[in-house]
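Topology and contacts: notes
Each chain is listed here by its residues.
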Amino acid sequence: MVGNEERKAKRRPAARQKPAGQKAAGSRPDPALDPREVQKFAALAGQWWDPVGPMAPLHAMNPWRIGVIRDAICRQFGGDPAKRTPLVGRSLLDIGCGAGLLCEPMARLGAEVTGIDPAGEVITAARLHAEEQELRIDYREATVADMAAQGRRFDVVTALEVVEHAEDPERLVQEAAACVAEGGLLVVSTIARTNRAWLQAIVAAEYLLRWLPAGTHDWRRFVQPSELARWVRGSGLVVQELRAVTWDARTGRFVDAPRPDVNYLLVAARL
């Protein structure tokens, strides 16, 4: 008898190997992106779904951010967050989706999810993992500039832990906002450029606790909430919510924080 893993392997399409950061045919170069950052995360493609690997902090933060995003969508469109699939009928674009840590939960909540990333390696990993989970997610090796140029519009656009790795974060926010449909939402999460963030997100997380590979972040690229809010408003959206998050060692999970001086999430709407 053929085992489950063998059957899955037979169904999987052969992955085409490409240099890290190489775009799919027809994808346009995006000046907002930094190819070095794309390569950095492409190299981690095989470890994305390891809950104790390099993406462990994102795995740990996922329950908090999924709840915040789900509730924001339900408030905007009138859904019931207590239901099993409250996002049915809503389209969602996840920018810099990686191997799908946000895409899969959003799909389980009922959304029609499109995940894009310029790193082909992580898109391959995302497709294989979604297939194993029997989830229908439209993964594309593409940039947000590609989607904006195609005139694609979505009820919800997310860009989580992306802008602090961009070459031109303001332009990236503008491109993301261009993909938000009328009445839709833009959700952006990033890290504030503060001394506390330097200590927690870099010194502690990368060098002392080794939660992240050394060199994952550059403090100079962190974004102040006021900067992000200005870019969002300049793109024609209205800021609705700003939420901060922190690690609670007592409970072993991420919880709301009183100030957005390290990790935070902003929700904006196109009214």
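Some details on the packing of helix α7 (residues 169-178) against helix α9 (residues 225-234)
Relative to each other, α7 and α9 sit at 45°, their axes nearing to 9 Å. Put simply, α7 runs oblique to α9. Crossing geometry of α7 relative to α9 is assigned as right-handed. Together, P169, E170 and V173 of α7 and L228, W231 and V232 of α9 make up the contact between the two elements. When its residues are assigned to classes, the contact of α7 with α9 shows 5 nonpolar, no polar and 1 charged.

Remarks on the pattern of salt bridges
In the structure shown here, the tally under the stated rule is 15 salt bridges. Here E227 and R193 are joined by a salt bridge, their closest N and O atoms 2.9 Å apart. Here R193 lies in the loop between β5 (180-191) and α8 (195-208) and E227 lies in helix α9, a separation of 34 residues in the sequence. Salt bridges sharing common partners tie together R75, E241, R243 and D256.

Quick notes on a nonpolar patch on the surface
Together, Y207, L208, L209, W211 and W247 give the surface a local cluster of nonpolar side chains, amounting to about 540 Å² of exposed area. If you trace the backbone, W211 turns up in the loop between α8 and α9. Classification of W211 as partly exposed rests on a relative accessible area of 36%.

Scoring rules and cut-offs
Residues numbered from 1 in each chain as written. Predicted model: local features only at pLDDT ≥ 70, side-chain atom pairs only at ≥ 80, totals over all residues. Heavy atoms only, no water. Axes fitted to C-alpha atoms, helices over the stretch in contact; angles between N-to-C directions. Helix = DSSP H or I, 4+ residues; strand = E, 2+ residues; numbered from the N terminus. Parallel < 35°, antiparallel > 145°, perpendicular 65-115°, else oblique. Left-handed = near helix turned anticlockwise from the far one by under 90°. Contact = heavy atoms within 4.5 Å. Nonpolar A, V, L, I, M, F, W, Y, C, P; charged D, E, K, R; others polar. Salt bridge = Lys/Arg side-chain N within 4 Å of Asp/Glu carboxyl O. Patch = residues over 30% accessible without salt bridge, like charges linked within 9 Å, V, L, I, M, F, W, Y side chains within 5 Å. Areas by Shrake-Rupley, 256 points an atom, 1.4 Å probe, with all protein chains shown as cover. Buried < 20%, exposed > 50% of the residue type's maximum accessible area, 1.4 Å probe, protein only.

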